[in-house]
Amino acid sequence: MGFFGKLEQNLKHGGVKVTIQAAQSMSRQDRTLPVTATISNSPEAAHTIKHVTAEVQATENASGMSMALNNAVQLRNTTNDSEMYSMQTITIARASNAEMFMLQPNESKTITLDIVVNNGESNPTDGIMGHLASITNKVNQNGYKYEIHVSIEVEDITLDPQAHQTLQIL
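Treat the numbers as computed from the prediction; the structure is a model and nothing was measured.

Chemist: Teacher, can you tell me more about the overall build of the protein here?
Modeler: Summing up its helical and strand segments, the protein has three helices and nine strands in all. When the elements of the protein are put in sequence order from the N terminus, they spell out α-β-β-β-β-α-β-β-β-α-β-β. Taking all 170 residues of the protein together, the buried fraction comes to 40%. For the protein, the exposed surface amounts to about 9,900 Å²; the carbon and sulfur share of it is 49%.

Structure representation (structure tokens):
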């Protein structure tokens, strides 16, 4: 396979695709957030799946502090991009499966990962609620939008397939 063939294979993730199914919202009292990843392969070749990861990420809302800071910078008529406030994304919880497996042509496999939401204690230190408690001290928790991200590490493929969906925390 030549350079352009390898590049095309990477851009198409080797024919491996991932879709996710998870709740659109979760409660603060939930113990776990189950995330189901369905990994499917094209008919071209078998692939080794090395790792599956599901994360809940919090990104600052553009309507919050970042917009106010950006507006303040723009009022000074500056063109210096380093002065612009960039929105921060934080991974607040993660679950993974490091069990390697072979995915044959036209084969699909479903994996369920349970992301810890609440460790059941009155003062959560682990999982989504524990991490939310730590960022709430910095900024109002409503200043964030939440997403579930799933990524699949495929052997010999540089650009790994990913999927994401929004999540509402009630």
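Alright, that's what it looks like, and here's the rest.
Chemist: It is not clear to me how the nonpolar core should be interpreted in this structure. Could you clarify?
Modeler: Soluble globular proteins tend to pack their nonpolar side chains together in the buried interior. Grouped together as the largest cluster of nonpolar side chains are 37 residues, with contacts concentrated most on Leu33, Ile39, Ile49, Val52, Ile115, Ile128 and Val150. Discounting chain neighbours no more than four positions away, the residues touching isoleucine 39 are Val16, Lys17, Val18, Ile49, Val52, Phe101, Leu103, Glu107, Ser108, Lys109, Ile111 and Ile152.

Chemist: How should the pattern of salt bridges be read in this particular structure?
Modeler: One side chain can pair with another of opposite charge once the charged atoms of both are near each other. This structure, assessed with the given rule, holds two salt bridges. A salt bridge links glutamate 153 to lysine 50; the shortest N-O distance between them is 3.5 Å. With glutamate 153 in strand β8 (residues 144–154) and lysine 50 in strand β4 (residues 47–60), the pair connects residues that are 103 residues apart, well separated along the chain. Looking at lysine 50, the relative accessible area reads 30%, which means it is partly exposed. Its salt-bridge partner being arginine 94, residue glutamate 55 comes within 2.4 Å of it at the nearest N-O pair. Here arginine 94 lies in strand β5 (residues 89–97) and glutamate 55 lies in strand β4, a separation of 39 residues in the sequence.

Chemist: Any chance you could explain the environment of alanine 98 here in plain terms?
Modeler: Structurally, alanine 98 can be placed in the loop between β5 and β6 (101–103). What makes alanine 98 exposed here is its relative accessible area of 56%. Considered as a pair, alanine 98 and lysine 50 are 48 residues apart in the sequence and their alpha carbons are 6.3 Å apart. For alanine 98, the contacting residues outside a window of four places in its chain are Lys50 and His51.

Chemist: When you look at the packing of aromatic side chains in this model, what are you seeing that I'm missing?
Modeler: For any two aromatic rings, the description comes down to two numbers: the centre-to-centre distance and the angle of the planes. This structure, assessed with the given rule, holds zero aromatic pairs. The lysine or arginine in question, lysine 109, covers the ring of phenylalanine 101, its NZ or CZ lying 4.3 Å from the ring centre.

Chemist: Would you mind showing me how to read the pairing of strand β1 (residues 17–22) here?
Modeler: A one-sided burial pattern is seen for β1, the buried positions being Val18, Ile20 and Ala22 and the unburied ones Lys17, Thr19 and Gln21. Inspection of the sheet shows β1 paired to strand β3 (residues 32–40) by six bridges, in the antiparallel sense. Following the sheet pairing, alanine 22 is matched in β3 by valine 35.

Chemist: Sorry, what's going on with unusual backbone geometry here?
Modeler: If a residue is not glycine, its phi is most likely negative; likewise, a peptide bond is most likely trans. Although it is not a glycine, asparagine 106 adopts a positive phi angle of roughly 65°. Of note in the backbone geometry, aspartate 156 takes a positive phi value of approximately 70° without being a glycine. Here aspartate 156 lies in the loop between β8 and β9 (162–169). Aspartate 156 gets classed as exposed once you look at its relative accessible area, which sits at 59%.

Definitions and cut-offs
Every chain is numbered independently, its residues counted from 1 as its sequence is written. Reporting in this predicted model follows two pLDDT cut-offs: at least 70 for local features of residues, and 80 or more for side-chain atom pairs to be given and counted; totals over whole chains, interfaces and linings ignore these cut-offs and use all residues. The side-chain quantities take in all heavy atoms of the structure and omit both hydrogens and water. The numbering of helices and of strands both runs from the N terminus, where a helix is a DSSP run of H or I of at least 4 residues and a strand a run of E of at least 2. Burial classes: relative accessible area under 20% of the type maximum marks a residue as buried, over 50% as exposed, and values in between as partly exposed (1.4 Å probe, protein chains only). Here, Shrake-Rupley sampling with a 1.4 Å probe gives the accessible areas, and only protein chains in the shown set may cover a residue. Nonpolar cores are built from buried Ala, Val, Leu, Ile, Met, Phe, Trp, Tyr and Cys residues. Side-chain atoms within 4.5 Å join them into one set. Residues are treated as being in contact if the distance between any of their heavy atoms lies within 4.5 Å. Any Lys or Arg side-chain nitrogen found within 4 Å of a carboxyl oxygen on Asp or Glu counts as a salt bridge. Classification of ring pairs rests on two measures: the distance between centres of Phe, Tyr or Trp rings, Trp counted by its six-membered ring, which must be within 6.5 Å, and the angle between planes, read as stacked under 30 degrees, edge-to-face over 60 and tilted in between. For a ring to carry a charge above it, either NZ of a lysine or CZ of an arginine must fall within 6 Å of the ring centroid while also lying within 35 degrees of the normal to the ring plane. Being paired, for any two strands, means DSSP has found at least two bridges between them.

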